Amino acid sequence: MNRYLSFFLCFLVFGACSSKKHAESSDEESLDSEIQFAERFDIKYQDGIKLITIDKPWQGSKEPIRYLLYSNAIPASYLDDNSYIKIKTPVQTIVSNLTTQLALMDQLKITDRLTGFAQTQFIYSPEILSRVKNGKVKEVGPDGSLDIESILNLNPDIILAFSSGTENRQLEKLGELDMKVVMNAGYMETSILGRFEWIKFLGHLSGTETLANTIFEQKVMIYDSLLEIVKDRREPTVITGILYGGTWFMPAAENYGANIISAAGGNYLWSEDQGTGWLSMDFESVFEKGYNADYWIGVAGYTSLEQLKQADERYAEFEAFKNGNVYSYMARVNEQGANDYFESGNVNPDRLLADHIKILHPELLPEYELYYYMKLE
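As the structure is a computational prediction, the values presented were derived from the model and not from experiment.

Before going further, it helps to examine the packing of aromatic side chains. A complete count under the given rule lists 28 aromatic pairs for this structure. Taken together, a centroid distance of 5.7 Å and an interplanar angle of 80° make the contact between Tyr78 and Tyr84 edge-to-face. Considered together, Tyr78 and Tyr84 belong to a single accessibility category, that of buried residues. With a centroid separation of 5.3 Å and 80° between ring planes, the pair formed by Tyr329 and Phe342 is classed as edge-to-face. Here Tyr329 is found in the loop between β16 (326–328) and α13 (340–344), whereas its partner Phe342 is found in helix α13, with 13 residues between them in sequence. On the basis of relative accessible area, Tyr329 is assigned to the buried category, the value being 14%. The class of Phe342 is partly exposed, set by a relative accessible area of 44%.

Laid out in structure tokens, this is it:
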């Protein structure tokens with residue numbers, strides 16, 4: 001086994017033991033509530049309750065959303081405070097419209113609490129699909145057209161939701177009907193570790209915060225050990241994305257998609273284009289700057305070079321295409337077309353980083369096999 005791979009696996013074992021010892025010696029009041037990487041939410045403890053603030057719950061939002069989590073009773077000082085959505089924990093029944101929440105439930109071993117999901121054809125998790133087949137998880141309609149009546153019939157403790165800012169009316173309606181809508185803004189985090197840190201939020205909601213912290217610490221340890229092995233390595237040039245309706249979307253320099261490439265020891269060619277969102281370019285602009293790139297990572301749903309060329313013959317002019325260094329995130333797709341990259345990718349930062357290192361510096365992880373990504377042949 002590669003000595004660097006052995007190192008971070010041993011580091012993981014050490015971290016697991018350390019985390020277990022910490023968990024056994026901690027109580028709720030002394031639990032470390034510091035958020036390390038996420039920028040969109042914060043947790044504070046006061047009078048036996050937990051106060052969670054989401055800074056910008058969706059794109060374009062102006063006001064934060066605040067949640068008060070309690071297990072026994074709401075302190076008298078907060079009873080008439082309507083600035084908080086008050087949720088009794090641990091929650092036992094959950095409806096969601098966000099696939100990444102499914103992966104978090106898997107890791108926290110609470111998939112049995114899911115009773116409804118927006119569109120079940122997008123579920124990858126075999127365990128949750130089994131629950132769908134057995135009628136234990138009901139479909140509640142697509143994003144933007146949630147079936148309010150179905151959700152009311154399920155009467156979940158909470159609705160885990162995300163919003164791009166365009167379909168808020170339905171979520172607002174559910175709130176008006178006394179449903180506890182809990183927003184997740186993890187998709188707007190700029191780092192992969194920031195996205196993953198939202199596992200702590202779900203941990204507090206479900207009463208599995210100790211396990212959430214342990215899982216988070218272990219994966220960060222592996223992630224950090226992987227960062228160490230690419231230090232001072234040659235940085236091959238990288239492009240990403242494809243054309244959509246004549247526009248090539250490319251992550252800006254502070255976008256998580258650019259950050260993971262840099263973290264893996266790659267030279268992302270648009271690293272000077274500041275911003276956390278996406279760059280919109282035409283083919284000619286991308287080709288002028290990236291035709292000679294060493295690698296092309298992330299070509300949407302394409303699974304072969306021929307398929308990519310048939311979509312647009314100009315793709316074959318890139319050096320990465322000619323050299324066979326093109327990769328898509330289609331390695332884990334089930335029979336109904338659900339892609340695990342979109343379900344568990346954000347909650348496995350260590351695997352995502354290892355995949356990128358394997359692509360850009362294969363000699364560092366000779367025994368590792370790509371998990372989410374595949375090389376187009």
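Having put the structure on the table, let's press on.
Another point: the pairing of strand β10 (residues 237–240). Here β10 shows no split at all, with Thr237 and Ile239 on one side and Val238 and Thr240 on the other all buried. Here β10 pairs with strand β13 (residues 267–268) via 2 bridges, running parallel. Looking at β13, one finds that Val238 is bridged to Tyr268. Bridge count between β10 and strand β15 (residues 295–297): 3 bridges; the pairing is parallel. In the strand pairing of β15, Val238 is matched with Tyr295.

Here the focus is the pattern of salt bridges. Inspection of every chain in the model, using the stated rule, returns 13 salt bridges. The salt bridge partner of Asp350 is Lys219, with a shortest N-O separation of 3.6 Å. Note that Asp350 is positioned in helix α14 (residues 349–360) and Lys219 in helix α8 (residues 209–229), a separation of 131 residues in sequence. Judged by its relative accessible area of 13%, Lys219 falls in the buried class. When salt bridges that share partners are traced, they join Arg169, Glu172 and Glu176 into one network.

Calculation rules
- Residues numbered from 1 in each chain as written.
- Predicted model: local features only at pLDDT ≥ 70, side-chain atom pairs only at ≥ 80, totals over all residues.
- Heavy atoms only, no water.
- Phe/Tyr/Trp six-rings, centres within 6.5 Å; stacked < 30°, edge-to-face > 60°.
- Buried < 20%, exposed > 50% of the residue type's maximum accessible area, 1.4 Å probe, protein only.
- Helix = DSSP H or I, 4+ residues; strand = E, 2+ residues; numbered from the N terminus.
- Pairing = 2+ DSSP bridges.
- Salt bridge = Lys/Arg side-chain N within 4 Å of Asp/Glu carboxyl O.

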